[in-house]
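A closer look at the structure
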Amino acid sequence: MMKMEENGDDGLVSKINKYQKMDKDDEFDEELEDSMIKLRQQHRRSSDTRKYVFACAVFASLNSVLLGYDVGVMSGAIIFIQEDLKITEVQQEVLVGILSIVSLLGSLGGGRTSDAIGRKWTMGLAAVIFQTGALVMTFAPTFNVLMIGRLLAGVGIGFGVMVAPVYIAEISPTIARGSLTSFPEIFINLGILLGYVSNYAFSGFSVHTGWRIMLGVGILPSVFIGFALFVIPESPRWLVLQNRVDEARAVLLKTNENESEVEERLAEILVSAGLGADKTEEKPVWRELLNPSPALRRMLITGLGIQCFQQITGIDATVYYSPTIFKDAGIKDKTKLLAATVSVGFAKTIFILVAIILIDRVGRKPLLYVSTIGMTACLLGLAFTLTFMGNGQVGIALAILLVCGNVAFFSVGIGPVCWVLTSEIFPLRVRAQAAALGAVGNRLCSGLIAMSFLSVSRAITVGGSFFLFFLISAVSVAFVYKHVPETKGKSLEQIELLFQKGNEEWQRGEVELADVEHLVQKE
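Rules behind the numbers
- Each chain carries its own residue numbering, running from 1 in the written order of its sequence.
- A pLDDT threshold of at least 70 governs which residues receive local features in this predicted model, and a stricter bar of 80 or more applies before side-chain atom pairs are shown or counted, although totals over entire chains, interfaces and linings include all residues.
- With hydrogens and water stripped out, all remaining heavy atoms of the structure feed into the side-chain values.
- UniProt positions are given in the numbering used here, feature names are shortened, and annotations may be inferred rather than shown by experiment.
- Each helix corresponds to a stretch of at least 4 residues labelled H or I by DSSP, and each strand to a stretch of at least 2 residues labelled E; elements are numbered beginning at the N terminus.
- Relative accessible area decides the class of each residue, using a 1.4 Å probe on protein chains only: under 20% of the type maximum gives buried, over 50% gives exposed, and in between gives partly exposed.
- It only takes one pair of heavy atoms within 4.5 Å for two residues to be counted as in contact.
- Using a 1.4 Å probe, the Shrake-Rupley method yields the accessible areas, and only the shown protein chains count as cover for residues.
- Take the buried Ala, Val, Leu, Ile, Met, Phe, Trp, Tyr and Cys residues and link them wherever side-chain atoms come within 4.5 Å; each set so joined is a nonpolar core.
- For this analysis, a salt bridge means a side-chain nitrogen from Lys or Arg found within 4 Å of a carboxyl oxygen belonging to Asp or Glu.
- Comment: axis = line fitted to C-alpha atoms, over the contacting stretch for helices; angle = value between 0 and 180 degrees taken between N-to-C directions.
- An angle below 35 degrees is treated as roughly parallel, one above 145 as roughly antiparallel, one from 65 to 115 as roughly perpendicular, and anything else as oblique.
- Each crossing gets its hand from how the near helix is turned against the far one by less than a right angle, where anticlockwise is left-handed and clockwise is right-handed.
- Here the arc refers to the set of directions running from the helix axis out to each C-beta atom.
- Any pair of nitrogen or oxygen atoms within 3.5 Å is treated as a polar contact; in protein, a donor-acceptor pairing is required on top of that, and neighbouring residues in sequence qualify only through side-chain atoms on both sides.

For the protein, an unreviewed UniProt entry supplies the name Major facilitator superfamily (MFS) profile domain-containing protein and the organism Papaver nudicaule. A UniProt comment under Subcellular location (unreviewed entry) is attached to the protein, and it reads "Membrane".

Spelled out as structure tokens, the structure:
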């Protein structure tokens, strides 16, 4: 009897344990299901955020298509304009180069304008001004009227070139900021390619009509820019500067995958904006730029230097005057000249995609090394080819290959990285106007190269001109080593602290980081 009672008790205990285990299993299943739901929600939010930021970067970059298209289309249109309007060689240089010179006025005004009306509406203003200039150029009956349209287009381009990288850097999450801020350079290259294709496509029209159609097609991207203004948000950092903190928080919630990081990022922006500081003690931005602190001076050397080196190594001479270069190499037929320039556009556009993939993985500085060293080699080879191997099939093939190589190395590094750096290294309070100064340096150098290339080439030959570009490019390699820090993976506010440490500190930090990465790879 006792044995039966013990067996009964054991059975009861076993059932109780079984039910308890079932309850625990049910609790575990519920927790697992809750975790899975949260993970799915987080994944959906991350996907939506990435798509939203990507769309904002694309729309903000549309102004860059206008610059690229103008650069590409003018290289071919100038041949027809010269024939139609009977302009001189000096007028050709002025017509080509004046856009870059005038765009520096737009870039200077763009900094103050974007601080006053916002980054988004400055992009809209840029599109309106450019569209007006493009219309004037399309229907210009004389060289003087054509120049008026060119001046207006230059101001619009200056606004757009300056504000787009700043806007994208300010809305992008840290992990993807490099690739997203490179988008304007992608669209410049796409515009150049479209300009080259337009030259080739409309070259069959009459001399009087062909160049007008080529220039008129450049108006089309402005329509999409008007639509974009109703889709993209304002920069959260600009909103903070206007004391519109709640609106800034709402934008950050849309552009950051992790909600917990939003308040942390907002706090960093508030500190960088100096909203808690005594405003009576702050210097005006222009005075701060003219009399900079040691940290800001290092930023200005880096930002202005990389912008100027991007242009004085001759990229715009290569792009604007590629038909002249290929003609000097031995190609005489007009249609073949324009067809050869299309290959340059393809090379420039394809290799910018390489930079977009690598810039947030490899970093800014390694890409700059590859770019400047590769360009230096190609420029030396091109100078040698044009000087000693012109007017032969081998010389023509080498010239095309080396021009394509030069623009490819440009697109891999200094082309996009230049704009990424100048949009991320400056403190928030001076960012727009300091970036505007960088854009001014870029446009000024571009204009000087474009307006002097034909005259210099006539004096020392086209090959001699590229030997000068080779020497400048060699100097740019040393500049990158000495004055450019690695900014990959750092927030905009952390980069500001990096410049306060100085050149020797960040170079030591890069060596230590390289050692750590090497050890991790070995393990």
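Picking up where we left off.
1. Observations concerning the overall build of the protein
The helix and strand tally for the protein stands at 23 helices and 0 strands. A buried classification covers 54% of the 523 residues belonging to the protein. Taking the intrachain contacts of the protein between residues at least 6 apart in sequence as the baseline, contacts between residues at least 24 apart amount to 83%. For the protein, the computed accessible surface area is about 23,100 Å², with 65% contributed by carbon and sulfur atoms.

2. A few points about the nonpolar core
Ranked by internal contacts, the top residues of the largest apolar core, which has 123 residues, are Ile 81, Leu 146, Phe 453 and Phe 466. Considering each element in turn, this core owes the most residues, 15 residues, to helix 21 (residues 431-483). With residues near it in sequence (within four places) discarded, Phe 466 still touches Thr 318, Ile 325, Leu 379, Leu 382, Ala 383, Leu 386 and Phe 453. Listed in part, the 10 residues of the second largest apolar core include Trp 238, Ala 248, Ile 269 and Leu 428.

3. Regarding the pattern of salt bridges
Enumeration according to the criterion identifies 9 salt bridges in this entry. Here Arg 119 ties to Glu 170 by a salt bridge, and the two come within 3.0 Å at their closest N and O atoms. Highlighted residues: Arg 119 in helix 4 (residues 119-138) and Glu 170 in helix 5 (residues 143-171), separated in sequence by 51 residues. The exposure classification of Arg 119 matches that of Glu 170, with both residues buried. A salt bridge links Arg 364 to Asp 360; its shortest N-O distance comes to 2.9 Å. Look at the salt bridges and you will find they share partners, linking Asp 115, Arg 119 and Glu 170 into a network.

4. Section: the side chain of Thr 376
When you line up the elements, Thr 376 lands in helix 18 (residues 364-388). Relative accessible area serves as the criterion here: at 12%, Thr 376 is assigned to the buried category. Discounting chain neighbours no more than four positions away, the residues touching Thr 376 are Phe 470, Ser 473, Ala 474 and Val 477.

5. Considering the packing of helix 16 (residues 322-329) against helix 21
Running from amino to carboxyl end, helix 16 crosses helix 21 at an angle of 55°, the nearest separation of the two axes being 12 Å. The angle between the axes of helix 16 and helix 21 places the two elements in the oblique class. In this structure, helix 16 meets helix 21 at a crossing whose hand is right-handed. Contacts from Thr 324, Ile 325 and Asp 328 in helix 16 reach Phe 453, Leu 454, Val 462 and Phe 466 in helix 21.

6. As for the environment of Ile 325
Looking at the secondary structure, you find Ile 325 in helix 16. The class for Ile 325 is buried, based on a relative accessible area of 1%. Between the C-alpha atoms of Ile 325 and Val 462, which are 137 residues apart in sequence, the distance is 7.1 Å. Ignoring anything within four residues of it in the chain, the contact list for Ile 325 reads Ala 317, Thr 318, Leu 386, Val 403, Phe 453, Val 462 and Phe 466.

7. A few points about helix 11 (residues 245-255)
Within the sequence span of helix 11, burial applies to Ala 248, Val 251, Leu 252 and Thr 255. Mapping the buried residues of helix 11 onto a view down its axis gives an arc of 100°, with all of them on the same face.

8. A few points about the side chain of Thr 487
Locating Thr 487 in the fold gives a position in the loop between helix 21 and helix 22 (492-501). At a separation of 3.2 Å, a polar atom in the side chain of Thr 487 contacts the side chain of Arg 364. Of note is the side chain of Thr 487, whose polar atom sits 2.4 Å from the side chain of Glu 424. The contact partners of Thr 487, leaving out residues within four places of it in the chain, are Arg 177, Arg 364, Leu 421, Glu 424, Ile 425 and Ile 495.

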